[in-house]
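Below are the chains, spelled out letter by letter.
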Amino acid sequence: QVHLVESGGGLVQPGGSLRLSCAASGSIFSLHAMGWYRQPPGKQREWVADITTSGRTNYEDSVKGRFTIFRDNAKNMVYLRMNNLKPEDTAVYFCSVQVSTAESTPVSDYWGQGTQVTVSS
């Protein structure tokens, strides 16, 4: 019913930048909170950033000042701009979106399939 597709990952040198995109489609009545998570090789998935419907943002400490999360509600998209990338940022990045599929219904969480970000020389 609701599908999320991430894009924008790739190989970048330390200090470089990437912008990740996440497009939501399907049975969307309204979008609520959106966020980004990542899973480094051999590790558990971890929270990176999120953004509320009003635009309030929160970031994991290691990405503060380097990453920026923003959203375009008209396009049902959320983005993650990543600057000054470090090797420690290497991971599969996932977007997560809270969606209401009908009026006055509880929100449900949806996840994308992930996009690989590799930071290496």
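Coordinates for the structure precede this section.
The rules behind each value
Residues numbered from 1 in each chain as written. Predicted model: local features only at pLDDT ≥ 70, side-chain atom pairs only at ≥ 80, totals over all residues. Heavy atoms only, no water. Helix = DSSP H or I, 4+ residues; strand = E, 2+ residues; numbered from the N terminus. Buried < 20%, exposed > 50% of the residue type's maximum accessible area, 1.4 Å probe, protein only. Core = buried A, V, L, I, M, F, W, Y, C linked by side-chain atoms within 4.5 Å. Contact = heavy atoms within 4.5 Å. Disulfide = S-S within 2.5 Å.

*Asks:* Tell me about unusual backbone geometry, and please be specific about residues and values.
*Replies:* With the exception of glycine, most residues fall at negative phi, and the peptide bonds are largely trans. At N76, a residue that is not glycine, the phi angle is positive and equals roughly 55°. Within the secondary structure, N76 sits in the loop between β7 (67-72) and β8 (77-82). On the accessibility criterion, N76 (23% relative accessible area) is partly exposed. The phi angle at N84 is positive, at roughly 50°, despite the residue not being glycine.

*Asks:* Please set out the nonpolar core residue by residue, giving values where relevant.
*Replies:* W36, L80, M82 and Y93 are the most contacted members of the largest nonpolar core, which totals 29 residues. Contributing elements (two or more residues each) for this core: β1 (2-7), β3 (18-26), β4 (30-39), β5 (46-51), β7, β8, β9 (91-100) and β11 (115-119). Sort the elements by how many residues they give to this core and β9 lands first, with 5 residues. Apart from the residues lying within four places of it in its own chain, the contact partners of L80 are L18, R19, L20, W36, V48, A49, F67, T68, I69 and Y93.

*Asks:* Talk me through the state of the cysteines; I want residue IDs and the actual numbers.
*Replies:* Scanning the model with the defined rule gives 1 disulfide in all. Two residues share a disulfide in this structure: C22 and C95, whose sulfurs sit 1.9 Å from each other. For the disulfide bridge between C22 and C95, the dihedral angle about the S-S bond is near 50°, and by the sign convention the bridge is right-handed. Taken together, the residues span a long stretch of sequence, with C22 in strand β3 and C95 in strand β9 at a distance of 73 residues. Residues C22 and C95 agree in their burial class; the two are buried.

*Asks:* Which residues make up the environment of Q44, and what are the values?
*Replies:* For Q44, the position within the fold is in the loop between β4 and β5. Non-local contacts of Q44, meaning those with residues more than four positions away in its chain, are made with R38 and Q39.

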